[in-house]
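# Examining the three-dimensional arrangement
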Amino acid sequence: MKTIIDDIRQTLKDSVDEKTKNGSQHFFKEEINSYGVKIPVVHQISKEILSDIKGKPKQEIFDLCEILWQSGNLEESIIACNLSYALRKQYEPSDFETFEKWVKNYVNNWASCDTLCNHTIGDFLQMYPAHIAKLKKWALSSNRWTRRAAAVTLIIPARKGLFLEEIFEIATILLHDKDDLVQKGYGWMLKAASEAHQKEVFDFVIKNKATMPRTALRYAIEKMPPDMRAEAMKK
């Protein structure tokens, strides 16, 4: 395991792009621990690692992900997300505890939050929808990333028309959240849901627009026709 971790970190160091390194902080409000590797390169490194560890037990790969998450490093967290997502056909209900641990203990920026939640946890919930109730608890967390995770986990299922009732429940819990990254997260979730349920999402926005933060509202209506957007934006 140590050899694999050492190889990953050396490969990342060898792949540093100075422009990326100097500009990466621009995309984040919080201080980011980053090598400065372009994200497409990080994804390519992930593929190479997956080839090297093919056939290893799921738990051993999850343990590798755990070490990568513990680093607090952006690129290492993205690799951890890619490795865990590659195991999606092997997910079991008990894996939720592992994913929840990563969200609550290690996620510290929007990029790692969205990569983990959109794919690994989003796919897990489509396989085991009973766990969606846990997202409502996440939405009540004092941790901004856990609250954002409650929403962005449902982005891809929402595009498929799934979980509309739960999406509205989570949006209602987060409706007046003061954090703009949480507002953007649940607004994005509503926008994704509007692809399959435009009228229902529009009605939800109209019902709540008097108190809904404008940031969330703008995200939610982004894919709607101009007339609906205009109606939603009326003071």
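Refer to the preceding data block for the structure.
So, here is what we can say about the structure in this document. (Residues numbered from 1 in each chain as written. Predicted model: local features only at pLDDT ≥ 70, side-chain atom pairs only at ≥ 80, totals over all residues. Heavy atoms only, no water.)

Let's shift gears to the nonpolar core. If you look at the biggest cluster of nonpolar residues, it comprises 79 residues, and the most contacted ones within it are Tyr 186 and Leu 190. At eight residues, the largest contribution of residues to this core is made by helix α12 (residues 180-194). Those residues in contact with Leu 190, other than ones at most four positions away along the chain, are Ile 167, Phe 168, Ala 171, Val 201, Phe 204, Met 212 and Ala 220. (Core = buried A, V, L, I, M, F, W, Y, C linked by side-chain atoms within 4.5 Å. Buried < 20%, exposed > 50% of the residue type's maximum accessible area, 1.4 Å probe, protein only. Helix = DSSP H or I, 4+ residues; strand = E, 2+ residues; numbered from the N terminus. Contact = heavy atoms within 4.5 Å.)

Inspection of the secondary structure assignment puts Lys 191 in helix α12. On the accessibility criterion, Lys 191 (12% relative accessible area) is buried. When near neighbours in sequence (up to four residues on either side) are disregarded, Lys 191 contacts Tyr 219, Ala 220, Glu 222 and Lys 223.

Attention shifts here to the packing of aromatic side chains. This model, assessed by the stated rule, comprises 12 aromatic pairs. Measuring from centroid to centroid gives 5.7 Å for Phe 99 and Trp 102, while their planes differ by 50°, and the two rings are tilted. One end of the pair, Phe 99, and the other, Trp 102, are both in helix α6 (residues 95-105), three residues apart, so they sit about a helical turn from each other. Arranged with centres 5.1 Å apart and planes meeting at 50°, the rings of Phe 124 and Tyr 128 form a pair that is tilted. Residue Phe 124 is classed as buried on the basis of its relative accessible area of 0%. A relative accessible area of 22% places Tyr 128 in the partly exposed class. Of the aromatic side chains, those joined through ring pairs into one cluster are Phe 62, Trp 69, Tyr 91, Phe 96, Phe 99, Trp 102, Phe 124, Tyr 128 and Trp 138. Across from the ring centre of Tyr 85, 4.0 Å away, lies the NZ or CZ of Arg 88, which sits over that ring. (Phe/Tyr/Trp six-rings, centres within 6.5 Å; stacked < 30°, edge-to-face > 60°. Lys NZ or Arg CZ within 6 Å of the ring centre and 35° of its normal.)

All quantities given are derived from atomic positions and should not be read as evidence of function.
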